Amino acid sequence: MTARFRVAAAAVGAVLLALTLLLTACGEDEPDLIRVQLDWTPNTNHTGLYVALAQGWYEDEGVEVEILPYSGANGDLLVAEGVADVAFSFATVVPFSRAQGLDVVSIAAVLQKSPTEIAVLEDGPIKRLRDMDGKLYAGWGLPYELPQWRTVIQADGGEGTAELVVLDTGAYDALLAGRVHAVEIFVTWEGIDWDRQGIKYRTWRHSDFGVPDRPAVLLVSSGETIDEKEDALIRFMRATLRGYEFAVEDPDEAGRLLIETAGEDAFPDPELVYASAQLLADDYYLAPDGRWGSQTLSQWSGYPGWLYENGLLTDENGDPLATEPDWSAHFDTEIIEAARE
């Protein structure tokens, strides 16, 4: 080997070593990626997530958040299959997912009680729930809907014979047009919108008629993701917790940040966003312990227990569960408690 070749080889080696060290250093500084699946288009239930993004709190925690837009796919399934690390889900969905073998665990309660209520037009034929016997209810076709109707009607002295037509979001227009007799609305959204439009209606809460309340909207992950990304999930949750605490303390600014970060095109009526953000801050975000995200076994034994008692939970073969599930396995408090430290 000539001297010139040895010098050139040494120079190339030095460059390669420098590049290796640079790439290693960059890899160490790269933020952990957390993919979050939305349950619908951006809305006020997601406010804390978008506040934390806008404020740079995920970046402060060394976490990169990738928001996966809603596509109609089941968020629980996407989490179980590893497509998403975290998803927005519901206490009305997770028990069904787990009964059918999906690896999904709730890691925080976004809302502490259900924001949905039965709604009818004030000048319509339904004056109380037992009047719904033989009448038409527009909904989503979910497995718990008719059993809930049977329960609330019977609690009011009726037989529980309401009939269901599946119209999804078209249910609201159908009620206003008089084609159906009742729907279920989000009082934190449609209820506010109807009030602002001057629509006269009345509502009932399911929990006043024998159907247990539940911590409604959830953030879920999988057991596998919790094991493999525990530290990143804790840092993700720390920033998310800050986002929802901010939404409680300053709902107007939180609403503004939601609109700005998610995109103004998603919110043609900003005043509806501000009103919804205020109502959620006042009545839905915080648990009785005054904290966001808390979950308890008594909550998880209530509504999911009602689902089991009514034979609604089935396994992957479609057979009703023979034994009541361990509800403590449905939720994890360690992630959020570690985030509070």
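Since this is a predicted model, take the numbers as computed values, not measurements.

Novice: Explanation requested: the overall build of the chain in the structure shown.
Specialist: Regarding its fold elements, the chain presents 14 helices and ten strands. Considering only C-alpha atoms, the chain reaches an extent of 100 × 50 × 35 Å along its principal axes. Burial analysis of the chain (341 residues in total) assigns 47% to the buried set. The contacts of the chain with a sequence gap of at least 6 include a subset with a gap of at least 24, amounting to 78%. When the accessible surface of the chain is summed, it comes to about 15,900 Å², and 50% of that surface belongs to carbon and sulfur atoms.

Novice: Honestly, the packing of helix 8 (residues 190-197) against helix 12 (residues 270-283) in this entry has me stumped. Any pointers?
Specialist: Where helix 8 meets helix 12, the closest approach of the two axes is 10 Å, and the angle between their N-to-C directions is 125°. In terms of axis orientation, helix 8 runs oblique to helix 12. Like other packed secondary-structure pairs, helix 8 and helix 12 cross with a definite hand, here right-handed. Contacts between helix 8 and helix 12 involve I192, D193 and R196 from the former and E271, L272, A275, S276 and L279 from the latter. Its residues assigned to classes, the contact of helix 8 with helix 12 comprises four nonpolar, one polar and three charged.

Novice: Please clarify how the sheet that holds strand 5 (residues 116-121) should be interpreted in this entry.
Specialist: The pairing of strands in a sheet happens through backbone hydrogen bonds and is either parallel or antiparallel. Ordered by their spatial adjacency, three strands build an open sheet running 8-5-9, and the pairing between neighbours is antiparallel. With partners counted over all chains shown, the strands left at the sheet margins are strand 8 (183-186) and strand 9 (201-204), one partner each. Across the sheet, the mean angle separating the axes of adjacent strands is 45° when strand polarity is ignored. Pairing of strand 5 with strand 8 involves four bridges; the strand directions are antiparallel. By the bridge assignment, A119 is partnered in strand 8 with V183. Of the strands in this sheet, strand 5, strand 8 and strand 9 touch helix 8, which is tilted by about 90° from strand 8.

Novice: Would you explain a nonpolar patch on the surface in this entry?
Specialist: A contiguous nonpolar surface patch, about 360 Å² in accessible area, is contributed by W40, Y70, W140 and L142. Examined against the element boundaries, W140 turns out to sit in the loop between strand 6 (136-139) and helix 6 (145-155). Owing to a relative accessible area of 35%, W140 belongs among the partly exposed residues under this scheme.

Novice: Would you mind showing me how to read the pattern of salt bridges here?
Specialist: Oppositely charged side chains may form a pair once their charged atoms are brought near each other. Counting across every chain of the model gives 14 salt bridges. R340 is the salt-bridge partner of E337, the closest N and O atoms lying 3.4 Å from each other. A residue pair is termed a helical-turn pair when its members lie 3 or 4 positions apart in one helix, as E337 and R340 do in helix 14 (residues 334-340) at three residues. Overall, E337 belongs to the partly exposed group, its relative accessible area being 31%. For R340, a relative accessible area of 23% translates into the label partly exposed. Each of D289, R291, E337 and R340 takes part in salt bridges that share partners, so that together they form one network.

Novice: Got a minute to help me understand the sheet that holds strand 3 (residues 86-90) in this structure?
Specialist: Pairing within the open sheet is mixed, and its five strands lie in the order 2-1-3-10-4. Of all strands in the sheet, those with a lone pairing partner are strand 2 (63-68) and strand 4 (105-109), marking the two edges. Going from strand to strand, the sheet's axes swing by 35° on average, the running direction of each strand aside. As paired strands, strand 1 (residues 32-37) and strand 2 are joined by six bridges and run parallel to one another. Its bridge partner being in strand 2, Q37 is matched across the sheet by L68. Across the sheet, helix 2 (residues 47-55) lies against strand 1, strand 2 and strand 3, angled at about 135° from strand 2, the strand it touches most. Across the sheet, helix 10 (residues 230-249) touches strand 1, strand 2, strand 3, strand 4 and strand 10 (217-221), and the angle it forms with strand 1 is around 55°.

Novice: Would you explain helix 8 in this entry?
Specialist: Spacing of three or four residues puts side chains on the same side of an α-helix, whose turn is 3.6 residues. Within the sequence span of helix 8, burial applies to E190, G191, I192 and W194. Close packing links the buried residues of helix 8 with strand 5, helix 7 (170-176), strand 8, strand 9 and helix 12. The first or second residue beyond helix 8 is G198, which carries a positive phi of 80°.

Novice: I would appreciate a short explanation of unusual backbone geometry in the present structure.
Specialist: If a residue is not glycine, its phi is most likely negative; likewise, a peptide bond is most likely trans. Positioned with a positive phi, D168 is a non-glycine residue whose angle comes to about 55°. Along the chain, D168 turns up in the loop between strand 7 (163-166) and helix 7. For A216, which is not glycine, the phi torsion reads 25° and is therefore positive. Secondary-structure assignment places A216 in the loop between strand 9 and strand 10. The exposure class of A216 is buried, given its relative accessible area of 6%.

Novice: Honestly, a negative patch on the surface in this entry has me stumped. Any pointers?
Specialist: Where like charges cluster on the molecular surface, the negative patch consists of E224, D227, E228, E230 and E334. If one sorts the elements of the negative patch by residue count, helix 9 (residues 223-228) sits on top with three residues. Its location among the elements puts E334 in helix 14. For E334, a relative accessible area of 57% corresponds to the exposed category.

The rules behind each value
- Residues numbered from 1 in each chain as written.
- Predicted model: local features only at pLDDT ≥ 70, side-chain atom pairs only at ≥ 80, totals over all residues.
- Heavy atoms only, no water.
- Helix = DSSP H or I, 4+ residues; strand = E, 2+ residues; numbered from the N terminus.
- Buried < 20%, exposed > 50% of the residue type's maximum accessible area, 1.4 Å probe, protein only.
- Contact = heavy atoms within 4.5 Å.
- Areas by Shrake-Rupley, 256 points an atom, 1.4 Å probe, with all protein chains shown as cover.
- Axes fitted to C-alpha atoms, helices over the stretch in contact; angles between N-to-C directions.
- Parallel < 35°, antiparallel > 145°, perpendicular 65-115°, else oblique.
- Left-handed = near helix turned anticlockwise from the far one by under 90°.
- Nonpolar A, V, L, I, M, F, W, Y, C, P; charged D, E, K, R; others polar.
- Pairing = 2+ DSSP bridges.
- Patch = residues over 30% accessible without salt bridge, like charges linked within 9 Å, V, L, I, M, F, W, Y side chains within 5 Å.
- Salt bridge = Lys/Arg side-chain N within 4 Å of Asp/Glu carboxyl O.
- Lys, Arg positive; Asp, Glu negative; His and termini not counted.
- Charge placed at Lys NZ, Arg CZ, Asp CG, Glu CD.

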